[in-house]
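Each chain is listed here by its residues.
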Amino acid sequence: MKYLPLLAKEDVEDPALKEKWFGYPFDLALFHVMAHNPAEFVSYTTFNRTVWTEHEGGMPLLLKEIAVVQVAVISDSSYEWGNHGAQMIRRGGSQEQVDALIAGDVESDLFDETEKLVLKFTTEVTVDATATEETLTAMAEIFTPKQIGELTYAIGCYMLNSRFANLGGCVIGDDKKWN
């Protein structure tokens, strides 16, 4: 088996899954992979949406998007960098920045020093499961523990999303099949 099968919405029997999934105004290819686990799907998608909720004093959404695209690139998930590259642009980033991330150029002059620090933190947390003392100290000079926590939740969520997308063979543009 090369990929996990994608579950069709019409094959859903679990009432909680049906209510949650059918309640979204959009359908993601990723959902068709994750939906094999109804309880987890319902809980996780609720949680995942909190990553994109603006909280007073929270991490700016553009910085979260930059981090999420970096996670997707590290995870080799064109599905996620495609979706969140577009979101990054909508939140104030540029196509050139997205292209730089895809090319692995996290030191590009297209990123300011704060964005470069967020990319360094994201890379370390994604690859090494923690940030170096130097990086965490630099982050703490700019961001609150709450903001660093929010960024870490975003990183973790999109590590998981990227892995599910990859296990289902989802690639950039696959959502068009379902919407």
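Look above for the structure.
For clarity, every value in this text was computed on a predicted model and none was experimentally measured. (Residues numbered from 1 in each chain as written. Predicted model: local features only at pLDDT ≥ 70, side-chain atom pairs only at ≥ 80, totals over all residues. Heavy atoms only, no water.)

1. What to know about the packing of helix α4 (residues 61-74) against helix α5 (residues 78-90)
Where α4 meets α5, the axes come as close as 9 Å, and the angle between the chain directions of the two elements is 160°. When the interaxial angle is binned, α4 and α5 end up roughly antiparallel. Relative to α5, α4 is oriented so that their crossing is left-handed. Within the contact between the two elements, α4 uses Leu-62, Glu-65, Ile-66, Val-68, Val-69, Ala-72 and Val-73 and α5 uses Glu-80, Trp-81, His-84, Gly-85, Gln-87 and Met-88. Counted by class, the contact of α4 with α5 contains eight nonpolar, three polar and two charged residues. (Axes fitted to C-alpha atoms, helices over the stretch in contact; angles between N-to-C directions. Helix = DSSP H or I, 4+ residues; strand = E, 2+ residues; numbered from the N terminus. Parallel < 35°, antiparallel > 145°, perpendicular 65-115°, else oblique. Left-handed = near helix turned anticlockwise from the far one by under 90°. Contact = heavy atoms within 4.5 Å. Nonpolar A, V, L, I, M, F, W, Y, C, P; charged D, E, K, R; others polar.)

2. Remarks on helix α3 (residues 38-50)
Side chains of residues three or four places apart in an α-helix project in the same direction, reflecting 3.6 residues per turn. Across its 13 residues, α3 extends 19 Å between first and last C-alpha, which sits within 8% of the 18 Å expected from 1.5 Å per residue. Considered for burial, the residues of α3 that qualify are Phe-41, Tyr-44, Thr-45 and Asn-48. Axial view of α3: buried residues confined to an arc of 100°, hence all on one face. Buried positions along α3 lie against α1 (15-23), α2 (29-34) and α9 (145-167). (Expected span 1.5 Å × (residues − 1). Buried < 20%, exposed > 50% of the residue type's maximum accessible area, 1.4 Å probe, protein only. Arc of directions from axis to C-beta.)

3. Overview of the nonpolar core
Core analysis: the largest hydrophobic core is formed by 49 residues, its most contacted members being Trp-21, Phe-121 and Leu-151. Secondary-structure elements contributing two or more residues to this core are α1, α2, α3, α4, α5, α6 (95-102), α7 (113-128) and α9. Ranked by residue count, the leading element in this core is α4, at 10 residues. Not counting chain neighbours up to four residues away, the residues in contact with Phe-121 comprise Ala-131, Thr-135, Leu-136, Met-139, Ile-148, Leu-151, Thr-152 and Ile-155. (Core = buried A, V, L, I, M, F, W, Y, C linked by side-chain atoms within 4.5 Å.)

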